[in-house]
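Topology and contacts: notes
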Amino acid sequence: MLAQKQVEEAMMPSLNQTIERDEGEEEKTNISHFSLKSALWHGGSAYDAWFSCASNQVAQVLLTLPYSFSQLGMLSGIIFQVFYGLLGSWTAYLISILYIEYRSRKEKENVSFKNHVIQWFEVLEGLLGPYWKAVGLAFNCTFLLFGSVIQLIACASNIYYINDHLDKRTWTYIFGACCATTVFIPSFHNYRIWSFLGLGMTTYTAWYLTIAALVHGQVENVTHSGPNKLVLYFTGATNILYTFGGHAVTVEIMHAMWKPQKFKYIYLYATLYVFTLTLPSATAVYWAFGDQLLDHSNAFSLLPRSGWRDAGVILMLIHQFITFGFACTPLYFVWEKVIGMHDTKSICLRALARLPVVIPIWFLAIIFPFFGPINSAVGALLVSFTVYIIPASAHMLTYKSASARQYDLVGICPFYIQNAAEKLPFFIPNWTVMYVVNAFIVVWVLVVGFGFGGWASMTNFIRQVDTFGLFAKCYQCPPKVLASNHTLHH
């Protein structure tokens with residue numbers, strides 16, 4: 001046991017030294033000039049990472065999970081949540097291992113990452129070459145782009161239940177301008193207070209949905225017919241796959257940590273907490289309203305208006321602003337690197353340079369305002385590769401050679417130098433089991449998530465386009481509201 005502890009302490013000495021060197025001056029400054037600003041603004045602990053992961057993992061999707069349950073049925077909904085939650089935690093673990101591997105190799109080459117944020121596509125390039133960089137960059141950026149689009153759509157959908165004097169498209173214009181202010185947040189270091197508040201907001205909303213549905217009781221002649229259509233079944237499943245695929249920003253969150261080696265199980269701990277929010281709320285709302293949810297992708301739309309509901313709507317709006325920042329910040333980093341502004345220290349100059357990133361997000365949210373169905377489409381076509389297939393495949397290829405699979409004992413025995421920066425987790429007995437698990441994830445997500453899920457979600461998405469059209473002014477708005485708006489405008 002003592003020998004194992006010595007090995008853990010000796011692991012990646014060059015990485016630890018470089019992190020200490022890069023962060024040392026900054027931490028000393030924070031200690032010597034401690035203020036409320038530094039306490040709220042500058043985060044990098046394991047707790048900050050946990051709040052970031054938990055807050056980012058469940059946002060507007062909390063409101064669409066009852067809709068997914070109506071498509072899947074109660075039992076399948078619960079099973080898929082637990083299954084994809086654990087699957088997502090595993091691939092987040094793989095991403096963290098690959099980040100440590102990449103960074104430890106670079107540190108051995110005396111590469112410094114001061115004033116540079118490592119991103120997932122750079123990890124793929126460093127470990128597997130330029131083709132993997134291109135694939136990772138394409139999928140990751142596209143997913144984050146549409147992830148930001150979904151947050152804008154959700155803002156418009158939610159605020160409409162408080163103020164329906166403006167249509168949802170107009171609210172999208174307004175919230176697009178509000179969310180553009182995230183360009184002033186430099187990095188994930190600076191999301192400390194926002195992550196804490198964001199998780200509190202989703203916690204309130206989840207338990208409001210649960211309690212309000214139970215107090216409301218079942219509607220008259222409620223039916224729970226799901227699953228009754230294959231298209232709807234796989235659409236609901238891919239929305240849940242999307243729910244637990246929020247770790248496209250894992251590398252950026254890790255890089256913001258003072259000790260990124262501690263990240264390995266943080267995403268799992270965050271997921272376990274998220275289960276306490278998603279399972280009760282989705283189950284209770286589906287129990288109360290049943291098949292009515294098939295035509296109401298936003299859970300707020302079926303609950304009676306009250307001060308509690310309005311509070312939940314407002315809190316979710318604020319949280320969606322935070323989540324927009326989470327999704328957009330990696331895109332800001334990529335854009336800064338493209339135009340050569342990533343090393344600029346001026347917050348105002350960087351904010352100005354970042355603004356062009358927001359414009360296409362704004363435009364796409366106006367074209368595709370389909371709150372709910374767009375989640376499943378993004379889940380099947382983008383999340384399946386970005387946060388499931390690519391990490392599992394990259395891990396298998398990185399450690400395909402025998403030397404790469406050996407645990408690095410540098411510092412304990414200087415004559416025994418191998419490549420691996422991390423050993424296998426305690427619950428995986430050998431590399432054969434590791435490869436079986438990763439291969440299962442690749443095949444399952446490719447066939448069920450991308451294959452069946454892609455077919456179902458795109459079929460449903462095209463149906464929404466045919467029904468409501470592109471640039472829909474007020475998606476799923478009650479006809480009487482549209483009529484009253486028409487009267488007001490004329």
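In this text the structure is predicted, and so the values were computed from the model without any measurement.

**Things to note about the overall build of the protein**
Scanning the protein from N- to C-terminus turns up 19 helices and zero strands. Burial status across the protein gives 57% buried among its 490 residues.

**Notes on the pattern of salt bridges**
If you walk through the whole model with that rule in mind, you get nine salt bridges. With a closest N to O distance of 3.8 Å, E109 and K106 form a salt bridge. The exposure class assigned to K106 is partly exposed, which follows from its relative accessible area of 23%. For E125, the salt bridge goes to K133, with nearest N and O atoms at 3.9 Å. The exposure class assigned to E125 is partly exposed, which follows from its relative accessible area of 34%.

**Describing helix α6 (residues 74-108)**
A rise of 1.5 Å per residue sets the reference length of α6, with its 35 residues, at 51 Å; its end C-alpha atoms lie 51 Å apart and thus fit the reference within 8%. Among the 35 residues that make up α6, 25 are buried, leaving the element largely enclosed by the rest of the structure. Positive backbone phi, at 65°, marks N110, one or two positions downstream of α6.

**Focus: a nonpolar patch on the surface**
A contiguous nonpolar surface patch, about 700 Å² in accessible area, is contributed by L230, L381, V443, L446, V447, F450, F452 and W455. A per-element tally of the nonpolar patch places helix α18 (residues 431-468) first, with six residues. Position of F452 among the secondary structure elements: in helix α18. On the basis of relative accessible area, F452 is assigned to the partly exposed category, the value being 39%.

So, how was this worked out
- Every chain's residues receive numbers from 1 upward, in the order its sequence appears when written.
- Predicted model: local features are reported for residues with pLDDT of at least 70 only, side-chain atom pairs are reported and counted for 80 or more only, and whole-chain, interface and lining totals are derived from all residues.
- Hydrogens and water are ignored here; the side-chain numbers use all heavy atoms of the structure.
- Each helix is a run of DSSP H or I of at least 4 residues and each strand a run of E of at least 2, with the numbering of both proceeding from the N terminus.
- Accessibility here uses a 1.4 Å probe with only protein chains present; expressed as a share of the type maximum, an area under 20% marks a residue as buried, one over 50% as exposed, and anything in between as partly exposed.
- In the sections that follow, a salt bridge refers to a side-chain nitrogen of Lys or Arg positioned within 4 Å of a carboxyl oxygen of Asp or Glu.
- Helix span, expected: 1.5 Å multiplied by one less than the number of residues in the helix.
- Patch definition: residues above 30% relative accessible area lacking any salt bridge, with like charges linked at up to 9 Å and the nonpolar side chains Val, Leu, Ile, Met, Phe, Trp and Tyr linked at up to 5 Å.
- Exposure was quantified through the Shrake-Rupley algorithm and a 1.4 Å probe, taking into account, for residues, occlusion by the shown protein chains and nothing else.

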